[in-house]
Amino acid sequence: MDLGFTAEELAFRDEVRHFFRTQIPESTRRKVLEGQHLSKDEIVESQRILNARGWAVPNWPVEWGGQPWSPVQFYFFQDEMQQAGVPGPLAFNTSMLGPVIAQFGSEKQKREILPRAANLDDWWCQGFSEPGAGSDLAGLRTKAERVGDTWVINGQKTWTTLAQHADKIFVLCRTDNTAKKQEGISFILCDMTAPGVTRRPIVTIDGGAEVNEVFFDNVVVPYENLVGQENKGWDYAKFLLGNERTGIARVGYSKAKIKRIRELAGLELDGTEPVINDPKFREKLATVEIELKALEMTQLRVVANEKNRAKGKPDPASSMLKLKGSEIQQTCTELLMQVVGPYIMPYQPEEEGRNEPLIGPDYAAVAAPMYFNYRKVSIYGGSNEIQHNIIAKAILGF
Amino acid sequence: MDFDLNDDQRLLKDSVDHLISDRYDFEQRKKYAQGPDGWSREMWAQYAELGLLGLPFAEEHGGFGGGAEETMIVMEAFGRGLVLEPYLATVILGGGLIRRASSGPQQADLLPQIASGELLLAFAQQERSSRFNLADVQTRAVADGAGWRITGEKGVVLHGDVAGKLLVTARSAGGRTDRAGIGLFLVDATDPGVTRRGYPTQDGLRAAEISFNNAAAVALGDPAGAIGAVEQVVHEAIAAICAEGVGAMQCMHDITVDYLKTRKQFGRPIGDFQVLQHRSVDMLVALEQARSMTMFATVMSSEPDAATRARALSAAKVQIGKSGRHIGQETVQLHGGIAMTMEYKVGHYFKRMTMLEMLFGDTDHHLKLVSDAGSLF
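These numbers were taken from a predicted model, which means no experiment stands behind them.

J.: Which parts of the structure should I look at to understand the overall build of chain B?
T.: When you go through chain B residue by residue, the secondary structure sums to 11 helices and nine strands. Against the globule reference of 21 Å for 377 residues, chain B gives a C-alpha radius of gyration of 21 Å, in line with a compact fold. With the C-alpha coordinates aligned to their principal axes, the bounding extent of chain B is approximately 75 × 45 × 40 Å. Counting only residues that meet the buried cut, chain B has 55% of its 377 residues in that class. At a minimum sequence separation of 6, the contacts of chain B that also span at least 24 residues come to 74%.

Now the structure itself:
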């Protein structure tokens, strides 16, 4: 047992750390660390810088721009990226669609889609959830009918994150109503500009509008927009969802959050004493730190175990990382509110070209919205209850 | 980074695991507990034969030259077996103190006797109101020619009833909680100045209240400067009991999941009920977090920087305390009435886990230490 890293691994860590902290614009990283929203341009710019270095899609097959990294190198890449406040490469392009196309797509799809997805020339969004298909995703009803050389899509998707920026959408559609519900689904690609596609923003409890409803009204797409085989879409969706592995714990991100909470708790005064001097607050902070340290070690154990596992098979232990990781992220948002105190109260949504100064300290406005917004992390990507089901079945054998 | 065991460690694990599964099932344990000492001299001889009693000692002292990882392997197995023998008291604490605090000749004299199984030790540190402050020492040491005389009261001395020699913290200088002035003294348990009252602990192990009345002693190392060594050994012992706790928690979880799959109510296994599945998943998460922190504690227990080491070990103790309490309580609850009985195994794990949480500082104590020490990252 050795918890140390090799000189090569540490050199790699230093290399990515240096790159992230010198090449990605500081203004972008600061926004991420402070919990503000990024503009589309900032996200695109950041991903293109990564792509120019060959690091936008390290998880893809090497022939399509992936990196032959060890699990430890992947770990450092993610951890350092999160700690530096670098926005991760757009998940819909790089960890969802890309691996599916590389694995199951046609040669033409690979050539046309992958390089543009890596460089964020096309912004993809995910058409999975529906009003009637959340945790029970296989119950989806959006329909694609074969008409000649085309598909005609009708239905509604929801919780479509950042669809407002998207050029294209990958859609799970029902293509066989007679089969078992998992066996009649196909994975189809669609332009967001196609006639009949409309988008409606959903305003969430934090006041933001990062998610959307997307409606399909007789939308016609070429037959060749089908990925892989007809009615095998559920397999591809499972492959896609299983691809998110250890990064799901977001340990590096929570480390950065805790560092910021500690800093602000040193600045924010309760009377004449900084909040950090309150022993009760410090114990709460220590409690989260201990959980995070344990999670970091658990994550490293999962990473180290990857060499013993069949490639491409998700480790059900990653469900544990998601459970614990989401709890910790949420607790961090509670602590940030506690540090800020009464000045979490003014509602001051982000605005372009604000003229008046913010009410309260400049870190106060995001605290409560972030808390509200982060309730999502135990819901998306398979709710924590679904993660419990996965562990109960896959690890405990119930 | 590598969490795998090396070949020697795997061999050690195999042999200890075998010993525990062959010789330490619940019925056998009951028998050992009913013996005159409350544990098994025969098993003690087995440990000596396997080299476990000299595990952390240098080969020149009859030892195996093992480190914290080897101790972790043994303690985890002992946790599964709910082992009764005075391994923590004699090898981890006693042997550790001799190694960390005493001179070469004392080590050469005493360590081989531990390794062979002849010498049992106990660490007499706790006092009536000292709680978890290792520097709160009112027992006095007074120079007497070349030796010392010890006077004071020590309590809850683990396996203090059977030890041949006692390692006693006593103050040769300074005020009640001063870090300076504390020495570590070796007292023969048969000294006329020693009075012992042995008793069983809640978990079926043994301890003693011990009075020292002008008892003859020799100093191990600096008679006024032992606190650093004492802390280091307590850190090593915390890592060891974290591993013991993981072994116990693992068993509680395994037994509970098995029980849920076999116990039938309402015409089906109760493990069909989602609420019970989810609760056993939460137990698993608590177990794996505890295992992770035990690995962290094991590696950090040999960290030379005392403050870094202390913070890490306290963090681990918090995790083990919380996970242990959660898993212990859930084990009893998910079993129902059967877990309330002495004749069923899980209640004994629950009780051991509860004692481990208290040992060397409870969860709140260590949480305070971590929170006062600044960031863990």
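J.: Hey, could you run me through the pairing of strand β6 (residues 194-200) of chain B in this one?
T.: Across a regular strand the side chains alternate sides, sitting on one face of the sheet and then on the other. All names here are of chain B. Pairing analysis gives seven bridges linking β6 to strand β7 (residues 206-220), with the strands arranged antiparallel. Residue pairing in the sheet places Y199 in a bridge with A207 of β7. Where β6 hands over to β7, the hairpin turn is made up of five residues, of which G204 adopts a positive phi near 85°.

J.: Looking at this structure, how should I read the domain arrangement of chain B?
T.: Note: interface size is frequently given as the accessible area lost on complex formation between the parts. Residue and element names in this part refer to chain B. According to the domain assignment, chain B contains domain 1 (7-88 + 102-116), domain 2 (121-225) and domain 3 (228-372). The gap between the C-alpha centroids of domain 1 and domain 3 is 22 Å. Considering each element in turn, the side of domain 1 that touches domain 3 owes the most residues, 10 residues, to helix α4 (residues 68-81). Here the residues of the side of domain 1 that touches domain 3 sort into eight nonpolar, three polar and three charged.

J.: Sorry if this is basic, but what is going on with the environment of Q109 of chain A here?
T.: Residues and elements named next belong to chain A. With respect to the helices and strands, the residue Q109 is situated in helix α6 (residues 107-118). On a C-alpha basis, the gap between Q109 and A317 in space is 33 Å, while along the polypeptide they are 208 residues apart. Not counting chain neighbours up to four residues away, the residues in contact with Q109 comprise I101 and V227.

J.: Explain the interface of chain A and chain B to me, please; I cannot follow it from the model alone.
T.: Taken together, the 33 residues of chain A in the interface contact 30 residues of chain B. Of all the elements in the fold, those that place two or more residues in the side of chain A that touches chain B are α8 (251-267), α9 (279-305), α10 (317-340) and α12 (384-394) of chain A. The leading source of residues in the side of chain A that touches chain B is α9 of chain A, at 15 residues. Split by residue class, the side of chain A that touches chain B holds 20 nonpolar, four polar and nine charged.

J.: Help me understand the environment of L50 of chain A in this model?
T.: Residue and element names in this part refer to chain A. Relative to the helices and strands, L50 is located in helix α3 (residues 40-52). We classify L50 as buried; it has 26 C-beta atoms within 10 Å. When the C-alpha atoms of L50 and I24 are compared, they prove to be 8.3 Å apart, with 26 residues separating the residues in sequence. Setting aside chain neighbours within four positions, we find L50 in contact with W55, A56 and P89.

J.: I tried to follow unusual backbone geometry on my own but got confused; where do I start?
T.: Among all residues except glycine, the phi angle is most often negative; among peptide bonds, the trans geometry is most common. The backbone of N231 of chain A sits at a positive phi, close to 70°, despite the residue not being glycine. Tracing the chain through its elements places N231 of chain A in the loop between β8 (226-227) and α7 (233-243). Overall, N231 of chain A belongs to the partly exposed group, with 17 C-beta atoms counted inside 10 Å. A positive phi angle, close to 55°, is found at L82 of chain B, a residue other than glycine. Take L82 of chain B: there are 23 C-beta atoms within 10 Å of it, and that puts it in the buried class.

J.: Explain the packing of helix α5 (residues 91-104) of chain A against α6 of chain A here, please?
T.: For any two helices packed against each other, one specifies the crossing angle of their axes together with the interaxial distance. Residue and element names in this part refer to chain A. Running from amino to carboxyl end, α5 crosses α6 at an angle of 165°, the nearest separation of the two axes being 10 Å. The angle between α5 and α6 falls in the class roughly antiparallel. Two packed elements cross with a definite hand, and for α5 against α6 that hand is left-handed. Where α5 abuts α6, its residues N93, L97, G98, I101 and A102 lie against Q109, K110, I113, L114 and A117. A breakdown of the residues in the contact of α5 with α6 according to their chemical character gives six nonpolar, three polar and one charged.

What counts and how
Residues numbered from 1 in each chain as written. Chains lettered and ligands numbered in written order. Predicted model: local features only at pLDDT ≥ 70, side-chain atom pairs only at ≥ 80, totals over all residues. Helix = DSSP H or I, 4+ residues; strand = E, 2+ residues; numbered from the N terminus. Rg over C-alpha atoms; globule rule 2.2 N^0.38 Å. Buried ≥ 20, exposed ≤ 12 C-beta atoms within 10 Å, placed from the backbone. Contact = placed C-beta atoms within 7 Å. Pairing = 2+ DSSP bridges. Domains from an automatic or database assignment. Nonpolar A, V, L, I, M, F, W, Y, C, P; charged D, E, K, R; others polar. Axes fitted to C-alpha atoms, helices over the stretch in contact; angles between N-to-C directions. Parallel < 35°, antiparallel > 145°, perpendicular 65-115°, else oblique. Left-handed = near helix turned anticlockwise from the far one by under 90°.

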